[in-house]
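Secondary and tertiary structure notes
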Amino acid sequence: LLLAAWFGFFTGLVEACWWLGQKLLGSKMTALSPHVIWMAPLAEIGWFLLPGAFLALAAWRWPKRVTLPVAVFLLACLGFFSLRFLFPSIHWAAWLLASVGLAGQATRLLQARPAVCADFLLSRRRFLCGSGVAIGELAAGVHGWQWLRERQALAKLPPAPAGAPNVLLITLDTVRAANLSLYGYGRPTTPKLERLSQGGLVFERALATAPWTLASHASIFTGRFPHELSVNWKIPLDAAYPTLAEVLSAYGYRTAGFVANLEYCSLESGLARGFAHYEDYRVSLGELVHHSSCGKALCASPRLRKHLGYYELPNRKPAAELNAEFLGWLSGNAGRPFFAFLNYFDVHAPYLPPPAFAARFGGGRARRHPFLLPGRDWSPAEVQAEIDAYDGTIASLDHHVGGLFDELRQRGLLENTLVLITSDHGEEFGEHGLFEHGDSLYLPALHVPLLLLFPGRVPAGRRVGAPVSLRDLSATVLDLVGLKPWLPGNSLGRRWRKSDGVGGPEAEVILSEVSFAPNKPDWVPVSKGDMKSLFAGRYHYIRNGDGREELYDVTDDPLEQQDLAGTAQGRGDLEPLRKALQSLLTRS
Ligand SMILES: [Zn+2]
């Protein structure tokens, strides 16, 4: 068992160094926290103890066959082989062959030094002093670095303007507007948001600049379109342009982010820039499993998931915990206006509403989880079962967001706080043969809720019909809190300050984009290349990666079923849209 623990420790250490190297030297996104440096060795010790226990039993039963060199050889094999998870493109047989060879050499080396085995590897005290102390020190180091980073950021803050309002930006990840009762959906999915909206302004047609998390958030934070930014599927937001958090920090705001989308909103995504306090990964058993290559690979195995009947993400951070993190931080915040960013992940696939909401909307139907069987051959009943579950997660999130606002109201914080509630993108349920998001620029993937609350400064109980882009949110915040327009974009204030701007659609072009995604099946639109789309007046124009154009009249055909690009009517309307897209791209 001690031998197994040592091999687990060293395997985890190699993994951790590899991932940290990718993060720090390669600036790559790894979907892992800095805690990987101590979590990977600790988690691998846990995994290695399982085969270690089998070996211990075998050694007890057959002491002459399962000798120390045999145990060393088998554990070394396992250690080298499990590193294959870091290089999934290498064939497993080749890696196994290399592992056997390396394990043979490791065994020979240890056999030549029996004292190392006896005094070091088989000493409980040495194990605890060696690996235990190293793990403890590394964990303390990461926590200390985070603490210091926050202290330094706070020490640099200038005095804030007197009476400056707070800003609270909430993104309900993956929530599409069409499934909210706030937007007229037939099911009562958002009673709490509806009540909140009576005190604020609802935008009927808010559009994300991208159908996926990082590009959309980066655009919200910088006021720029995705093609102007560094972000791509595995590339974080760089420091080329300032973010809203940086601008507000420069005005003395205390800034904090609380995010549950760990793949695309964590510290390494670049979105944390400008936030003095940032909470993404937790220290939990789920994270421990997720931070070892072995655990990650097991979680990603559809066959194992199906066998276990377990579909949840092991490290999902639920809304209740996110609220607790934010409210806890808020309790220690006094004397300065704050800018807080909350990203909830409860609605993201796999759609697993908590028990109280699971049966609310036709629950109980047999489910076929999208990540188990991606494809296009879904029956209407299977699609409906996913929508039922999706609606349940929205209702659950609405409940928790409502609870958060009850608490903020009790604390008297809503009177002087600008609140923006939106989503980074929508979700598709087979409207065009696609599921989830990030694959196309159709309306279900782009149309998101947008609600503004600011007592006395944003009209209450009103709705704006004109299409708006989330790209303008940062400019809107700076405008409403009375600061200079340091970021690009146009304040949405123009939508309610002009008497003719409320309610009626206005001719304004709104750009959305998604970059070419490699490794996607060829029936997925984004596999053809970079895509762009424009909303202008009543039209939605899409230019696919292969140059194919689509045109929909979203007023008469909101589900985008009638492509007008090839019709006589459509051909006449295409030319000005092509020109508008070209001019927008040239300008930006
Ligand atoms: Zn997202």
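Being a predicted model, the structure only gives us computed values, none of them experimental.

Cut-off values and rules
- Residues numbered from 1 in each chain as written.
- Predicted model: local features only at pLDDT ≥ 70, side-chain atom pairs only at ≥ 80, totals over all residues.
- Heavy atoms only, no water.
- 1 Å grid on protein atoms, 1.4 Å probe; cavity = no way out; pocket = protein on both sides within 12 Å on 5 of 7 lines; lining within 4 Å.
- Points joined across faces, edges and corners; volume = space filled by probe spheres on them.
- Nonpolar A, V, L, I, M, F, W, Y, C, P; charged D, E, K, R; others polar.
- Donors = N, O, S within 2.8 Å, 3.2 Å for Na, K, Ca; no water.
- Helix = DSSP H or I, 4+ residues; strand = E, 2+ residues; numbered from the N terminus.
- Polar contact = N/O pair within 3.5 Å; in protein donor to acceptor, adjacent residues only side chain to side chain.
- Contact = heavy atoms within 4.5 Å.
- Core = buried A, V, L, I, M, F, W, Y, C linked by side-chain atoms within 4.5 Å.
- Buried < 20%, exposed > 50% of the residue type's maximum accessible area, 1.4 Å probe, protein only.
- Pairing = 2+ DSSP bridges.
- Axes fitted to C-alpha atoms, helices over the stretch in contact; angles between N-to-C directions.
- Salt bridge = Lys/Arg side-chain N within 4 Å of Asp/Glu carboxyl O.
- Parallel < 35°, antiparallel > 145°, perpendicular 65-115°, else oblique.
- Left-handed = near helix turned anticlockwise from the far one by under 90°.
- Phe/Tyr/Trp six-rings, centres within 6.5 Å; stacked < 30°, edge-to-face > 60°.
- Expected span 1.5 Å × (residues − 1).

What about empty space enclosed by the protein?
It is the rolling of a water-molecule-sized probe over the atoms that shows where space remains empty. Considering all chains together, one arrives at one cavity of 30 Å³ or more under this definition. When its volume is computed, the largest cavity comes out at roughly 40 Å³. If you trace the largest cavity, you find it lined by Leu-172, Val-175, Leu-180, Thr-190, Leu-193, Ile-394, Leu-397, Asp-398 and Val-401. Tallied by class, residues from the lining of the largest cavity come to seven nonpolar, one polar and one charged.

Considerations on the coordination of the zinc ion
Around the zinc ion, the protein contributes the donor atoms Asp-173 (OD), Thr-213 (OG1), Asp-424 (OD) and His-425 (NE2), at 2.0 to 2.1 Å from the metal centre. Between consecutive donor residues of the zinc ion, the sequence gaps follow D-x39-T-x210-D-H. You can see Thr-213 sitting in helix 8 (residues 213–222) and its partner Asp-424 sitting in the loop between strand 6 (417–422) and strand 7 (428–429), a full 211 residues away along the chain.

A word on unusual backbone geometry
Geometrically, the link from Ala-349 to Pro-350 is a cis peptide bond, its omega value of -5 degrees lying close to zero. Counting through the fold element by element, Pro-350 comes out in the loop between strand 5 (338–344) and helix 14 (355–358). The backbone of Ala-31 sits at a positive phi, close to 60 degrees, despite the residue not being glycine. Relative to the elements of secondary structure, Ala-31 occurs in the loop between helix 1 (2–24) and helix 2 (36–61).

Concerning the side chain of Asn-179
Locating Asn-179 in the fold gives a position in the loop between strand 1 (166–172) and helix 7 (191–197). At 2.7 Å, the side chain of Asn-179 forms a polar contact with the side chain of Arg-176. When neighbours within four sequence positions are excluded, Asn-179 is seen to be in contact with Tyr-185, Thr-189, Ile-387, Tyr-390, Asp-391 and Ile-394.

Section: the nonpolar core
Among soluble globular proteins, nonpolar side chains are generally buried collectively. Ranked by size, the top nonpolar core spans 69 residues in total, and within it Phe-203, Leu-248, Phe-339, Leu-450 and Leu-452 carry the most contacts. Looking at which element gives the most residues to this core, the answer is helix 8, with five residues. Apart from the residues lying within four places of it in its own chain, the contact partners of Leu-450 are Tyr-183, Leu-201, Val-202, Phe-203, Ala-206, Ile-421, Thr-422, Val-468, Leu-470, Leu-473 and Leu-492. Core analysis: the next-biggest nonpolar cluster, separate from the first, contains 46 residues, Leu-180, Tyr-390, Ile-421 and Phe-429 among them.

Considering the sheet that holds strand 13 (residues 531–536)
Strand order in the open sheet formed by four strands is 12-13-14-15, and the pairing between neighbours is antiparallel. Of all strands in the sheet, those bounded by a partner on one side alone are strand 12 (510–514) and strand 15 (549–553). For this sheet, the mean angle separating the axes of adjacent strands, direction not counted, is 15 degrees. Bridge count between strand 14 (residues 539–543) and strand 15: five bridges; the pairing is antiparallel. Counterpart to Arg-543 in the pairing with strand 15 is Glu-549. Contacting strand 12, strand 13, strand 14 and strand 15, helix 19 (residues 568–587) runs over the sheet at an angle of about 70 degrees to strand 14.

A closer look at the pattern of salt bridges
Scanning the entire structure with this criterion turns up 23 salt bridges. Lys-23 is the salt-bridge partner of Glu-268, the closest N and O atoms lying 2.8 Å from each other. With Glu-268 in the loop between strand 3 (254–259) and strand 4 (277–279) and Lys-23 in helix 1, this pair connects stretches of sequence that are 245 residues apart. Across this residue pair, the class does not change: Glu-268 and Lys-23 are buried. For Arg-578, the salt bridge goes to Glu-575, with nearest N and O atoms at 2.6 Å. Here Glu-575 and Arg-578 lie together in helix 19, a separation of three residues that amounts to about one turn. In the salt-bridge network here, residues are joined through shared partners; they are Arg-187, Asp-388 and Asp-391.

Description of the packing of helix 1 against helix 6 (residues 124–155)
When two helices pack together, their arrangement is given by the angle between the helix axes and by the axis-to-axis distance. One can describe the packing of helix 1 onto helix 6 by two numbers: an axis separation of 11 Å at closest approach and a directional angle of 25 degrees. Judged by the inter-axis angle, helix 1 sits roughly parallel to helix 6. Handedness of the helix 1/helix 6 crossing: left-handed. Residues Leu-2, Ala-5, Trp-6, Phe-9 and Leu-13 of helix 1 lie in contact with helix 6, whose contacting residues are Arg-124, Arg-126, Phe-127, Gly-130, Ser-131, Ala-134, Ile-135 and Leu-138. Classifying every residue of the contact of helix 1 with helix 6 by side-chain character gives nine nonpolar, two polar and two charged.

Digging into the packing of helix 13 (residues 319–331) against helix 15 (residues 380–410)
Where helix 13 contacts helix 15, the two axes come as close as 10 Å, and the packing angle between them is 15 degrees. One element, helix 13, and the other, helix 15, form an angle in the roughly parallel class. Helix 13 and helix 15 meet at a crossing whose hand is right-handed. Contacts between helix 13 and helix 15 involve Ala-319, Ala-320, Asn-323, Phe-326, Leu-327 and Leu-330 from the former and Leu-397, His-400, Leu-404, Glu-407 and Leu-408 from the latter. Along the lines of polarity and charge, the residues of the contact of helix 13 with helix 15 split into eight nonpolar, two polar and one charged.

Focus on the packing of aromatic side chains
Following the criterion strictly, the structure yields 22 aromatic pairs and no others. Relative to Trp-233, the ring of Trp-212 lies with its centre 4.3 Å away and its plane at 25 degrees, an arrangement referred to as stacked. With Trp-212 in the loop between strand 2 (201–207) and helix 8 and Trp-233 in the loop between helix 8 and helix 9 (244–250), this residue pair connects regions lying 21 residues apart in the sequence. Taking relative accessible area as the criterion, Trp-212 reaches 3% and is therefore assigned buried. By relative accessible area, Trp-233 is classed as buried at 18%. By the ring-pair criterion, three or more aromatic residues cluster together here, those being Phe-221, Phe-275, Tyr-278, Phe-339 and Phe-341.

Describing helix 13
Taking 1.5 Å of rise per residue, 13 residues should cover 18 Å, and helix 13 covers 18 Å from first to last C-alpha, within 8% of that figure. Those residues of helix 13 lying buried are Ala-319, Leu-322, Asn-323, Glu-325, Phe-326, Leu-327, Trp-329 and Leu-330. Packing partners of the buried residues in helix 13 comprise strand 1, strand 3, strand 4, strand 5 and helix 15.

Some remarks on helix 8
Most of helix 8 is tucked away: 10 of the 10 residues are buried. Listed in full, the buried residues belonging to helix 8 are Thr-213, Leu-214, Ala-215, Ser-216, His-217, Ala-218, Ser-219, Ile-220, Phe-221 and Thr-222. For helix 8, the secondary structure elements touched by its buried residues are strand 1, helix 9, strand 5 and helix 17 (473–480). Positive backbone phi, at 75 degrees, marks Gly-223, one or two positions downstream of helix 8.

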